[in-house]
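Given next are the chains, with one letter for each unit.
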Amino acid sequence: MLNKPNIVILGAGYGGMITASRLTKELGHNEAAITLVNKHDYHYQTTWLHEPAAGTMHPNRTRMPIKSVLDLNKINFVQDVVVEIKRDEKKVILENGELDYDYLVIGLGSEPETFGVPGVQEYAFSKWTVNGAREVKEHIEYMFAKYNNLAEKRDELLTFVVAGAGFTGIEFIGELSERVPELCDYYDIPREKVKMYVIEAAPTALPGFDPELVEYAMNLLESRGVEFKINCPIKEVTKGAVHLADGEEIKAETIVWATGVRGNSIIEKSGFEAMRGRIKVEPDLRAPGHDDVFVIGDCALIINEEINRPYPPTAQIAMQMAATCAHNLKALIKGGELQSFKPEIKGTVASLGGKEAIGVVGSRKLFGSSASFMKKMIDNRYLFLLGGPSLVMKKGKSPF
Ligand code: FAD
Ligand code: NAD
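Bear in mind that the values here come from a model prediction, so they are computed numbers and not experimental data.

Chemist: Just checking my understanding: could you explain the packing of helix α5 (residues 130-147) against helix α6 (residues 167-187) for this structure?
Modeler: Helices that pack against each other are described as a pair by the angle of their axes relative to one another and the distance between those axes. Here α5 crosses α6 at 35 degrees, and the two axes come no closer than 11 Å. Seen from above, α5 lies across α6 with right-handed handedness. Seen from α5, the contacting residues are V136, K137, I140, E141, F144 and A145; seen from α6, they are F172, L176, R179, L183, C184 and Y187. Its residues assigned to classes, the contact of α5 with α6 shows 9 nonpolar, no polar and 3 charged.

Chemist: Just checking my understanding: could you explain the nonpolar core for this structure?
Modeler: Nonpolar side chains tend to gather and get buried jointly when the protein is soluble and globular. Ranked by size, the top nonpolar core spans 63 residues in total, and within it I7, L10, M17, L104, I106 and V295 carry the most contacts. At 9 residues, helix α9 (residues 315-334) tops the list of elements feeding residues into this core. Core analysis: the next-biggest nonpolar cluster, separate from the first, contains 45 residues, V136, V162, A165 and A205 among them.

Chemist: It is not clear to me how the sheet that holds strand β11 (residues 159-163) should be interpreted in this structure. Could you clarify?
Modeler: Strand pairing in a sheet takes place through backbone hydrogen bonds and is either antiparallel or parallel in direction. Pairing within the open sheet is parallel, and its 4 strands lie in the order β13-β12-β11-β17. Edge positions in the open sheet fall to β13 (226-229) and β17 (254-257), since each of these has one partner strand only. Geometrically, the sheet is characterised by an average inter-axis angle of 20 degrees between neighbouring strands, direction not taken into account. Across 4 bridges, the pairing between strand β12 (residues 195-199) and β13 is parallel. Considered in β13, the bridge of V198 is made with F228. Against the sheet, α6 contacts β11, β12, β13 and β17, and its axis sits at roughly 170 degrees relative to β12.

Analysis parameters
- Residues numbered from 1 in each chain as written.
- Chains lettered and ligands numbered in written order.
- Predicted model: local features only at pLDDT ≥ 70, side-chain atom pairs only at ≥ 80, totals over all residues.
- Heavy atoms only, no water.
- Axes fitted to C-alpha atoms, helices over the stretch in contact; angles between N-to-C directions.
- Helix = DSSP H or I, 4+ residues; strand = E, 2+ residues; numbered from the N terminus.
- Left-handed = near helix turned anticlockwise from the far one by under 90°.
- Contact = heavy atoms within 4.5 Å.
- Nonpolar A, V, L, I, M, F, W, Y, C, P; charged D, E, K, R; others polar.
- Core = buried A, V, L, I, M, F, W, Y, C linked by side-chain atoms within 4.5 Å.
- Buried < 20%, exposed > 50% of the residue type's maximum accessible area, 1.4 Å probe, protein only.
- Pairing = 2+ DSSP bridges.

In structure tokens, the structure reads:
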């Protein structure tokens, strides 16, 4: 077929990978040309990144070559960085070229939200990517290595601050607090020298989550030496310190920023109307006024009508959106009804390091090792969806 439509997918995260994989099954080679653009030649699992960041997992376990999971005979993979989307010209500008599209899928993920707090970009670690995780891990180890080599011991080298007690902050401190005894042992540092703080602006950690589970998580983390400062917004970060709204200053050479996310800045740069970088999509996941542009994952905003607030951006929703997006692209190309997207929230489970976790699945609350088992099963399920049993065998987690 001469005029087969060009589908261009931006971003090989949860949304982009599942969309691409589904499309290869739903559309024949002659029905559409599918191009996937990503800045790396690998796909990584953002949801595992707190582990390599704290050094409890090798970063390579969180990633896989794109060619090992997608059939590149059916997909044209372009390794490049998206710079801008020219909506009127139906073009994507890349660092090293440009692409024309008939249909575009935006799945470029998120960027850290700083809420305008000064100093975050300069003095805090905020990149939840493979390279970002490598940098934090190396920095933490360097702080331990440096401590005993200085004539004057500087406690701030062994002070670790996590900004935000959302799921990212809690999962990261869970891993770090598990690892600290091993680091102290390796670098000959007394355990009591290490200080770990989690600083949260809201009146509770994990705002909106089940209070009993929040209490379980806080008690467990406190028993590992974590100190919570709740109801304490950070108002500024300077070199080696965080400054709290109540005037307190905490000196720390490691500040890990996890106060939430906003959509990829390409969205606003390309002139789409957005709220914190996210496009409020139509029920069929297209951008308002753009019949040829689908937006999925962390770049898309959908409202939970029951509470009249946006759904939190999660991998769970990104993957479900990808399935609807692939279906709707097929319907537009081959004919058929477009589906409205309806998230099916199966639950939320957060790891706390080691064999500990908390979660709600359906109406069941889970604590400790049963929650940890469930978390690993969820992680493996995604691998199964993407690459079948062989990917689970290669990259999966032992649930025990
Ligand atoms: P992503 O998976 O982030 O993928 C975006 C892709 O786009 C990446 O490959 C990136 O390299 C690429 N990209 C970005 N910019 C460009 C560019 N300019 N040019 C080319 N390529 C680009 N959610 C859950 O449901 N469960 C969890 O347990 C969970 N745990 C999490 C733990 C951590 C530590 C973090 C940080 C997040 C967690 N989340 C979890 C949230 C979840 O990871 C995100 O909601 C999800 O990754 C969004 O998927 P996405 O496809 O929109 O983007
Ligand atoms: P979040 O928005 O869930 O939490 C950020 C926290 O930072 C909030 O509690 C907020 O009150 C706090 N905060 C904001 N500004 C602050 C300041 N100046 N000082 C101190 N605290 C401040 O963001 P997140 O934890 O980065 O998560 C991002 C998304 O990823 C969410 O949708 C989350 O549900 C998802 N996620 C899910 C899991 C899981 O399901 N296991 C794990 C990690 C992330």
